[in-house]
Each structure stands twice: as structure tokens, then as C-alpha cells.
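# A look at the structure
Chain residues, written in single-letter form:
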Amino acid sequence: MKKILLGAVLVAAVLAPAASAGRSHRVKLAVVVLPKSALGAAARSFAVAPESGAVSNLMAAGKSVTAQANTFDKLGRIGGYELTYGDRFSGSSGITAIWTGVDKYKTAAAAKRGLAFWRKDDPKITVLEPYGLAVTVKAVKAAKVGSRRFAEGSTITVPNAVPVSVVDEQFTDGRYVLHVDVAAGSLSAAGHLAGKLARILDHRLRLAEAGRLHGKPAKVPPRLDSGPPQGGPDLATLALTSADFGGQATILDAGYGVPSTPALSTYLLDMEPAGGYAELSQFLDWFPVANDATLFARVEGVEFAYVFAAGALTGTPGQFTQVDVSAAGDNAYGAIVTIAQQGEQTIYVGVVALSSGRADDLVLVASESPIQSSDILSLAQITANRLDAGLAG
């Protein structure tokens, strides 16, 4: 069982001549992806996200539901580049985020295989539904660009948050797979803009292959430094303490980490033991708006429950049980995953996810003793009490 939670943390983008494979070495992917000037009025206030940039094959696998670490190596993907703007979970009206990307493959046939993978993988986000995330996926009309194409629309709905809809358009052009993703309050709004931007993106690729696309890559800002959020609370005051477990807990590590967009600040804590649990890991984030926190808390909690149940960390699938922890308040989500490994000790993993205001709070625990639903409810209540007290100052 040693460090199963650490493993989870590590698991915690028309006028030009036709494309020519012989000239593709001249294409600079960082210039092909859409600069802010090409996005239109909807993105006037958006900033480039720090997560933009080159996308390795391993990073691409991390963006999928089913890919393994070597999936894209086998498909013949060479590399890619992505630019991301906005905050898809903000709950703002209209368009909330746009990201465009270009992936280069060894051959046109390899690009087609890559597109076929994404076409099958995209709808599989619905695998998260049984774990407590309301998500719908449907095919939408794709813009007539490239040689092969598809478009999918997905909507994620979380209690007490504004839903987010995303349209993903992908297509091949020679040895490239291009994609445009648009997030908005509705699929119709997202789809209209996604089709328009897909045509612009394909046109830029053809210009690049003809040697007629000039300019510099968009400047990608550095990631935020670790530390308390400006104008926000010290997240350390929201974290669990040894006293929350009757003094029967040892903090191994605690401190600020580098946040991922749209989070403005991230605080991490590890205990071993933590009361009756062999291990505990806590992740606290501070966001620009409360809708971010509410959506991220539920999505993160469900994703971790799925990862454990699917056996992604242990190689052995686990039995999932969702726990009603609504009595704890703070949009609480809870789950237990029982992992019975052949010839080894059974591992019990608990997941608790909360949000309050602009803060989300994820707690993972592991034990070789059975974890009961009452234990998860108690953990959720303790965590909510500490979170609320810290936010109250």
C-alpha cells in the first residue's frame, strides 16, 4: 500500500496551395495555433494560460480517458503545440475559454489513426457518470475542413454551479491533426465559434506549409509562483491538523505548490498516519471565482475515484461506493474504493471533495482496514469544519 496516494498525486491542447509532405518541415506549430487577434471579440478579455505550449506524447495521453503512456508513440505522433485562453469553469455568460492545437504525425496515415483515436476517446468522458458527475456527450456538425473530421459537444453539470459546455472540433490535414475547443454557456454558442475558428486554423496551416505564414509565437506567461493568493486567505489556515484526529496524526509535509490554471494558489499536505488512516493527502486550491471551485471540487473528486476504481495506479480495479456526505455541507462529495489485490493486502481508499466560496478542498485517505461510509461522512464533516473556520478568519 505504501504511497498509493503519492501515486495519485503524480497522476494529479484556403487560399494557400495544398499541403505537401515534403515541405512540412517548415511548419512552426507555435505560429500556426491561433493568436488572440484571430479569436474575435468573444476573446477580447482573455489571457493566454500558462499551461499553453508544447504538448509531448505523454502530456497528450494525460488529456485523454483511455490512452496509455506509449499510445501516441505507437500512433506515430511526433509532437504538438497548444494555446489556451480563458477559464472554462468561470460560469460567465457567453464564451468562457478557447484552445487550439496542432499535432504533427510521421505520415498522413498516422494522422488519420490519431484522429480515429480521439474520435473514440472523446465520448468516453461519460465513464465518469456512475462515479457522480453529470456529463452528456453528443455529436455536432463539424466544419468542412481537412480530409477527415469530427465534432463532439459535452456538457458538465454540477450541483450549485453554472454548467459548462464544450465543443471539440478535430480534423486532419496531411500529416497534421488540428483541434479547436470552445467552452461556453451553451453548445450552440460554442459550436458556432468552434466551426469558424477551425476554418481559420486550417487556413493558417496551409499558409505555413506554403512558407507564407510569418510572425512570432504568442508569448506564454510563466506559471504562478507558489504562495498564498493575493487578496485571499493563507490556505494553511484551511488545512487539516493533527488535532482534527485527536492528536493521532503526523504531518510529513505541508506547503504551497505551483498552481495550475485557473487556480491562483495551491496548498498541499500529507499525513502518515492520520487517526485511523495509514495515509492522508489534502489539496487546497483558491480560484478567481466560486464557480471554478464548485466545479473543480466535484470533477477532481470524481476523477480520483475513477482512477482508483479503474486500477490505473495499482493495476487492479477496485469496487466503488459513493457515500452521501451532503450533511457536511460545502457541496460535499464522498466515495470509497476497495482494491483487493491478489496475493496482497486489500487497500481501502476514501475520497472527500468540498468547496466553499473560492476554495476547493480534496482529501484522499488510504488504509489496510475497511473504511465505512460513516468514516467518510465524519472525515467530510471534519474537513468542512476546518475549511469553514479558516475562511471565516
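The paragraphs below set out a description of the structure included in this document. (Residues numbered from 1 in each chain as written. Predicted model: local features only at pLDDT ≥ 70, side-chain atom pairs only at ≥ 80, totals over all residues. Heavy atoms only, no water.)

## Comments concerning the overall build of the protein
- Of the regular secondary structure elements, the protein holds eight helices and 14 strands.
- Relative to a compact globule of 393 residues, whose C-alpha radius of gyration would be 21 Å, the protein shows 22 Å and is just as compact.
- Each principal axis of the C-alpha atoms in the protein carries an extent, and together these give about 70 × 50 × 35 Å.
- The buried share among the 393 residues of the protein stands at 52%. (Helix = DSSP H or I, 4+ residues; strand = E, 2+ residues; numbered from the N terminus. Rg over C-alpha atoms; globule rule 2.2 N^0.38 Å. Buried < 20%, exposed > 50% of the residue type's maximum accessible area, 1.4 Å probe, protein only.)

## As for empty space enclosed by the protein
- Quantified by volume, the largest cavity comes out at close to 70 Å³.
- Lining the largest cavity are Val 158, Pro 159, Thr 294, Ala 297, Arg 298, Asn 331, Tyr 333, Ala 353, Leu 354 and Ser 355.
- Elements represented by at least two residues in the lining of the largest cavity include exactly helix H7 (290-310) and strand E13 (347-356).
- Looking at the lining of the largest cavity residue by residue, the classes come out as six nonpolar, three polar and one charged. (1 Å grid on protein atoms, 1.4 Å probe; cavity = no way out; pocket = protein on both sides within 12 Å on 5 of 7 lines; lining within 4 Å. Points joined across faces, edges and corners; volume = space filled by probe spheres on them. Nonpolar A, V, L, I, M, F, W, Y, C, P; charged D, E, K, R; others polar.)

## Concerning unusual backbone geometry
- Of note, the amide linkage connecting Thr 261 to Pro 262 takes the cis form, showing an omega dihedral of 10°.
- Relative to the helices and strands, Pro 262 resides in the loop between strand E8 (249-257) and strand E9 (265-274).
- The omega torsion of the bond from Glu 272 to Pro 273 falls at 0°, within 30 degrees of zero and hence cis.
- Structurally, the position occupied by Pro 273 is in strand E9.
- Even without being a glycine, Asn 160 presents a positive backbone phi close to 65°.
- Of note, Asn 160 is situated in the loop between strand E5 (148-157) and strand E6 (164-173).
- On the basis of relative accessibility, which here comes to 65%, the residue Asn 160 falls in the exposed class.
- Positive phi, close to 55°, is recorded for Asn 331, a residue that is not glycine.
- By the element assignment, Asn 331 lies in the loop between strand E11 (319-323) and strand E12 (333-339).

## What to know about helix H6 (residues 187-209)
- Compared with an ideal rise of 1.5 Å per residue, which puts 23 residues at 33 Å, H6 spans 32 Å between its outermost C-alpha atoms and is within 8% of the ideal.
- Within two residues after H6, Gly 211 carries a phi angle of roughly 75°, on the positive side. (Expected span 1.5 Å × (residues − 1).)

## Details of the sheet that holds E6
- Strand order across the open sheet formed by seven strands is E1-E2-E3-E7-E6-E5-E4, with antiparallel pairing between neighbours. Unpaired on one side and paired on the other, strand E1 (53-55) and strand E4 (134-139) mark the two borders of the sheet. Pairs of neighbouring strands in the sheet enclose a mean axial angle of 20°, with direction left out of account.
- By the bridge criterion, nine bridges tie strand E2 (residues 77-86) to strand E3 (residues 95-105) in an arrangement that is antiparallel. Bridge pairing links Gly 79 to Lys 104 in E3.
- The sheet contacts of helix H5 (residues 108-121) involve E3, E5, E6 and strand E7 (176-184), and relative to E5 the element is tilted by about 25°. (Pairing = 2+ DSSP bridges. Axes fitted to C-alpha atoms, helices over the stretch in contact; angles between N-to-C directions. Contact = heavy atoms within 4.5 Å.)

## Here we look at the nonpolar core
- Formed by 38 residues in total, the largest nonpolar core has its most connected members in Val 32, Ile 98, Val 102, Val 182 and Leu 197.
- If you list the elements that add at least two residues to this core, you get helix H2 (29-32), E2, E3, E6, E7 and H6.
- Of all hydrophobic cores here, the second largest spans 36 residues; its members include Val 164, Ala 263, Leu 295 and Val 302. (Core = buried A, V, L, I, M, F, W, Y, C linked by side-chain atoms within 4.5 Å.)

## Looking at the environment of Gly 311
- Tracing the sequence through the fold places Gly 311 in the loop between H7 and E11.
- The class of Gly 311 is buried, set by a relative accessible area of 9%.
- Along the chain, Gly 311 and Ala 332 lie 21 residues apart, while their C-alpha atoms are 24 Å from each other.
- Sequence-distant contacts of Gly 311, that is, excluding residues within four places in its chain, are made with Thr 316 and Pro 317.

## Quick look at the environment of Ala 353
- Turning to its location among the elements, Ala 353 is positioned in strand E13.
- The exposure class of Ala 353 is buried, given its relative accessible area of 1%.
- Sequence separation of Ala 353 and Asp 234 is 119 residues, and the distance between their C-alpha atoms is 19 Å.

## Digging into the side chain of Ser 281
- For Ser 281, the position within the fold is in strand E10 (residues 279-286).
- There is a polar contact of 2.5 Å between the side chain of Ser 281 and the side chain of Asp 270. (Polar contact = N/O pair within 3.5 Å; in protein donor to acceptor, adjacent residues only side chain to side chain.)

## What about the packing of aromatic side chains?
- This structure, assessed with the given rule, holds nine aromatic pairs.
- Considering the side-chain rings of Phe 287 and Phe 296, the 5.0 Å spacing of their centres and the 25° angle between planes classify their relative orientation as stacked. For the pair formed by Phe 287 and Phe 296, the shared burial category is buried.
- Aromatic ring contacts, followed pair by pair, group Phe 72, Phe 117 and Trp 118 into a single cluster. (Phe/Tyr/Trp six-rings, centres within 6.5 Å; stacked < 30°, edge-to-face > 60°.)

None of this, on its own, says anything about what the molecule does.
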